[in-house]
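One-letter residues, chain by chain:
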There are 2 protein chains.
Amino acid sequence: MKTSKIPILKLYNNLLISIQWELDDKTAMQFQEDLLKKIHETGATGVVIDLTSVDVIDSFIAKILGDCVNMSKLMGATVVLTGIQPAVAITLIELGIELEDIHTALDLEKGLELLKELED
Amino acid sequence: MKTSKIPILKLYNNLLISIQWELDDKTAMQFQEDLLKKIHETGATGVVIDLTSVDVIDSFIAKILGDCVNMSKLMGATVVLTGIQPAVAITLIELGIELEDIHTALDLEKGLELLKELED
């Protein structure tokens, strides 16, 4: 079976990703690899991951996302998570996943604006 | 089998789509439907479809893309195709598919700039 890939868009210095379906474990790991590769290739300084369409999240996916943020930071790119839904926020907190250091914003536009502010 | 969906990102007045794998017929038709729905929902006035990662295209997919452009126009949104690769350009012309009325640009950034120009 072919793993479905999540497209990563490059827009100026930023990478945009919109996750519009439930992530399975394989896709999530593939995404992590693709994202880091893309940061390396493009020299992007910012990443916006939009989760607007994600209704539920489990601990594995949450860990992968957290790892993405930290790994990207190591590579010099700031990640903003946007559009976290109420149910996802509840799950993250209940799972005890700390998002203290993670930048978040309401939607893709606000995420890009936040990245711009952080750069200045 | 689940049909893979192509994520459509909304950024201000525009929709951004990056097609990063070969489209099969089902996915292409699903994409057409999703795109039109999304234009309707968001009231987007511009659409950029980035084909940078598409190496080959067949006549069915080419037709779907052409239809997307014309249907979007009917709904009030301008479509720009970006990143058409040499092999894809050759195929389109050899298939006799006319792209005369279709706006094209080199990449996503240039596509968005073109949309901005067209609006002014």
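See above for the structure.
Let me begin by describing the structure that accompanies this report. (Residues numbered from 1 in each chain as written. Chains lettered and ligands numbered in written order. Predicted model: local features only at pLDDT ≥ 70, side-chain atom pairs only at ≥ 80, totals over all residues. Heavy atoms only, no water.)

Digging into the sheet that holds strand β5 (residues 103-105) of chain A
All names here are of chain A.
Here is step 1 of the chain: Reading across the sheet, the five strands line up as β1-β2-β3-β4-β5 and stay open at both edges, with mixed pairing between neighbours. Strands with a single pairing partner mark the edges of an open sheet, and in this sheet they are β1 (9-11) and β5. Each strand of the sheet is rotated relative to its neighbour by a mean of 25 degrees, with strand direction disregarded.
Here is step 2 of the chain: Taken together, the three bridges between strand β4 (residues 78-82) and β5 define a ladder with parallel strand orientation. When the sheet's bridge partners are listed, T82 is paired in β5 with A105. (Pairing = 2+ DSSP bridges. Helix = DSSP H or I, 4+ residues; strand = E, 2+ residues; numbered from the N terminus. Axes fitted to C-alpha atoms, helices over the stretch in contact; angles between N-to-C directions.)

A word on the relation of the copies chain A and chain B
Here is step 1 of the chain: In screw terms, the move from chain A to chain B is a rotation of 180 degrees and a rise of 0.0 Å along the axis, fitting with an RMSD of 0.0 Å. These values place the two chain copies in the arrangement generated by a two-fold rotation axis. Within chain A, the C-alpha atom positioned nearest to the axis of rotation is that of S4 of chain A, 3.5 Å from it.
Here is step 2 of the chain: Comparing interface residues between copies, 100% of those in chain A also lie at the interface in chain B; the contact surface is shared. (Least-squares fit on C-alpha atoms with pLDDT ≥ 70 in both. Contact = heavy atoms within 4.5 Å.)

Details of the sheet that holds strand β2 (residues 14-18) of chain B
All names here are of chain B.
Here is step 1 of the chain: Taken in spatial order, the five strands make up an open sheet running β1-β2-β3-β4-β5, and their pairing is mixed. At either end of the open sheet lies a strand with only one pairing partner, and these are β1 (9-11) and β5 (103-105). Within this sheet the neighbouring strands show an average axis-to-axis angle of 25 degrees, counted without direction.
Here is step 2 of the chain: Bridge count for β1 against β2 is three bridges, and the pairing is antiparallel. Residue pairing in the sheet places L11 in a bridge with N14 of β2.

So, the interface of chain A and chain B
Here is step 1 of the chain: Each side of the interface is counted separately: chain A has 19 residues, and chain B has 19 residues.
Here is step 2 of the chain: Contact between chain A and chain B buries roughly 1,700 Å² in total, counting both sides, with carbon and sulfur atoms accounting for 61%.
Here is step 3 of the chain: On the chain A side of the contact with chain B, P7, L9 and E109 of chain A bury the most area, a combined 30% of that side's loss.
Here is step 4 of the chain: Seen at the junction of chain A and chain B, the total is two salt bridges.
Here is step 5 of the chain: Applying the counting rule to chain A against chain B returns eight residue pairs in polar contact (both at pLDDT 80 or more). (Buried area = accessible area lost by both parts, 1.4 Å probe. Salt bridge = Lys/Arg side-chain N within 4 Å of Asp/Glu carboxyl O. Polar contact = N/O pair within 3.5 Å; in protein donor to acceptor, adjacent residues only side chain to side chain.)

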